[in-house]
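Chain by chain, the residues:
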Amino acid sequence: MVLTAAGCATGKEAARNRVPADPGENIAREVAGGKAIALPASRLTGEMSLEAAVAGRRSERSFRAAPLKLEQLAQLLWAAQGITDPHPDPAQRFRRAAPSAGAQYPLDLYPVVGEIEGLEAGIYRYCPQEHALGLLTPGDRRRQLARACLGQMFVAAAPVAVVITATYDRITDRYGERGIRYAHMEVGHVGQNIHLQAEALGLGTVVVGAFQDEEVAEVLQLPRKEAPLYVMPVGIIQS
Ligand SMILES: Cc1cc2nc3c(=O)[nH]c(=O)nc-3n(C[C@H](O)[C@H](O)[C@H](O)COP(=O)(O)O)c2cc1C
């Protein structure tokens, strides 16, 4: 599978996977030879009820220096933006775990990976259609990310931090200025899904909204029109 720098299939691959409103196709930063890293399939059952996850969820900022499993990261990404549409025709299957105004899907997920078993450290982009990761920048960038979060260094202590970004024109094209409000509503849904999934997996996280936009964008090397909205470090809670 060949990926764009933004981590989604391109060329013939994209044509084969063509779906309505696939925002991956709007992202034009192409890199030849990018490789997709297929993620383990998501689970639809777990050990904790939704009610217990809601009741137990807390913002956690102390993480053990221990890696997460690739399955755990995959499950978190699926809960955030995974394809959950059971339409029998794959070309019609595109709706995701979190609601999106008009199914325009203006958000993207960038796991900033430090210690995930079986995954080299680096900045990745999640590709919902393929349930895969594309490596954008190799190397551990967690400290730079934490500094960009006004020095909230617990961001670097977690084995991974998921950055959620918005590309506003994917939604303002349809809804005008109101689309900006819709993107901000949507990131709340996605953040809460990650929060509850982390809780259900016995992990901890916190939504970080205090950061320098330009500095986070620079760490991730985001295109100018893409803005970071949340940074979510996830790890095993240090008790
Ligand atoms: C929009 C928003 C931004 C936040 N930004 C930060 C942040 O930058 N750093 C942080 O440690 N917590 C941040 N939080 C988490 C809150 O501090 C936390 O939700 C609050 O203290 C309530 O605790 P609880 O989540 O455990 O219920 C943020 C929460 C929201 C909703």
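Placed above this text is the structure.
What you see is a predicted model, and the numbers here were worked out from it, not measured in a lab. The residue count restarts for each chain, going from 1 along the sequence in the order it is written. Reporting of local features is limited, given that this is a predicted model, to residues whose pLDDT is at least 70; pairs of side-chain atoms are given and counted only at 80 or more, and all residues count toward the totals for whole chains, interfaces and linings. Excluding hydrogens and water, the side-chain values take into account all heavy atoms of the structure.

**What about helix α7 (residues 178–200)?**
- Labels follow the DSSP assignment, with helices taken as runs of H or I lasting at least four residues and strands as runs of E lasting at least two, numbered in each case from the N terminus. Helices are assigned an expected span. That span is 1.5 Å times one less than the residue count. The terminal C-alpha atoms of α7, which comprises 23 residues, lie 34 Å apart, in line with the 33 Å expected from a rise of 1.5 Å per residue.
- For α7, the full list of buried residues reads G179, A183, E186, V187, V190, G191, I194, H195, L196, Q197, A198 and E199.
- Immediately downstream of α7, the backbone of G202 shows phi near 80 degrees, a positive value. Here the term buried applies to any residue with accessible area under 20% of the maximum for its type, exposed to any over 50%, and partly exposed to those in between, with areas from a 1.4 Å probe on protein chains only.

**Examining the pattern of salt bridges**
- In what follows, salt bridge is the name for a side-chain nitrogen of Lys or Arg lying within 4 Å of a carboxyl oxygen of Asp or Glu. Inspection of every chain in the model, using the stated rule, returns 5 salt bridges.
- A salt bridge links D108 to R170; the shortest N-O distance between them is 2.5 Å. With D108 in strand β3 (residues 107–113) and R170 in helix α6 (residues 169–175), the pair connects residues that are 62 residues apart, well separated along the chain. The exposure classification of D108 matches that of R170, with both residues buried.
- Salt bridges linked by common partners bring D108, R125 and R170 together as one network.

**Some remarks on the site of the ligand**
- Near the ligand you find R57, R58, S59, R61, Q152, F154, V206, V207, V208, G209, A210 and Y230, and these make up its full shell.
- A 3.5 Å cut-off defines polar contacts: any pair of N or O atoms within that distance qualifies, except that in protein one atom must be a possible hydrogen donor and the other a possible acceptor, and neighbouring residues in sequence count only when both atoms are side-chain atoms. In this structure, R58 approaches the ligand through a side-chain N or O atom, which is 2.6 Å from an oxygen atom.
- Between the ligand and R61, the relevant distance is 2.6 Å, taken from an oxygen atom to a side-chain nitrogen or oxygen of the residue.
- Note on areas: these come from Shrake-Rupley sampling with a 1.4 Å probe, and a residue is covered only by the protein chains present in the view. Against a free-state accessible area of 620 Å², the protein chains account for coverage of 55% of the ligand. Nearness is judged by heavy atoms alone; a residue qualifies as near a molecule or strand once a single heavy atom is within 4 Å of it.

**Some remarks on a negative patch on the surface**
- A contiguous patch of negative charge on the surface is contributed by D213, E214, E215 and E218.
- For E214, the location among the structural elements is in helix α8 (residues 213–220).
- Taking relative accessible area as the criterion, E214 reaches 56% and is therefore assigned exposed. For patch detection, residues must exceed 30% relative accessible area and be free of salt bridges, and they are connected within 9 Å for like charges or within 5 Å for nonpolar side chains (Val, Leu, Ile, Met, Phe, Trp, Tyr). Counting rule for charge: Lys and Arg are taken as positive, Asp and Glu as negative, and neither His nor the chain ends is counted. The atom standing in for a charge is NZ when the residue is Lys, CZ when it is Arg, CG when it is Asp and CD when it is Glu.

**Some thoughts on the pairing of β3**
- Among the 7 residues in β3, 7 count as buried, and that is most of the element.
- The two faces of β3 match: L107, L109, P111 and V113 on one face and D108, Y110 and V112 on the other face are all buried.
- Alignment of β3 against strand β6 (residues 160–167), held across 7 bridges, turns out to be antiparallel. By the bridge assignment, V112 is partnered in β6 with A161.
- Strands qualify as paired when DSSP identifies two bridges or more between them. Where β3 meets strand β4 (residues 122–127), 2 bridges bridge the pair, whose relative direction is antiparallel. Within β4, the residue paired with V112 across the bridge is I123.

**Remarks on the layout of surface pockets**
- By volume, the largest pocket amounts to about 350 Å³.
- With a 1 Å grid laid over protein atoms only, a set of points is called a cavity when a 1.4 Å probe fits there but cannot get out and a pocket when it is open yet has protein on both sides within 12 Å along at least five of seven lines; lining residues have an atom within 4 Å of a point. Lining the largest pocket are 17 residues, with L50, W78, L196, Q197 and A200 positioned closest to its centre.
- With 4 residues, the single largest contributor to the lining of the largest pocket is α7.
- Three residue categories are used. Nonpolar comprises Ala, Val, Leu, Ile, Met, Phe, Trp, Tyr, Cys and Pro, charged comprises Asp, Glu, Lys and Arg, and polar comprises the others, including Gly. Grouping the constituent residues of the lining of the largest pocket by class yields 9 nonpolar, 6 polar and 2 charged. Grid points are joined across faces, edges and corners, and a volume is the space filled by probe spheres set on the points.

**Remarks on the environment of R95**
- Here R95 lies in the loop between α3 (70–81) and β3.
- A relative accessible area of 47% places R95 in the partly exposed class.
- Along the backbone, R95 and Q81 are 14 residues apart, and their C-alpha atoms lie at a distance of 8.8 Å.
- Residues count as neighbours in contact if any of their non-hydrogen atoms are within 4.5 Å of one another. Residue contacts for R95: discarding those within four places in its chain leaves G82, I83, T84, D85 and Y105.

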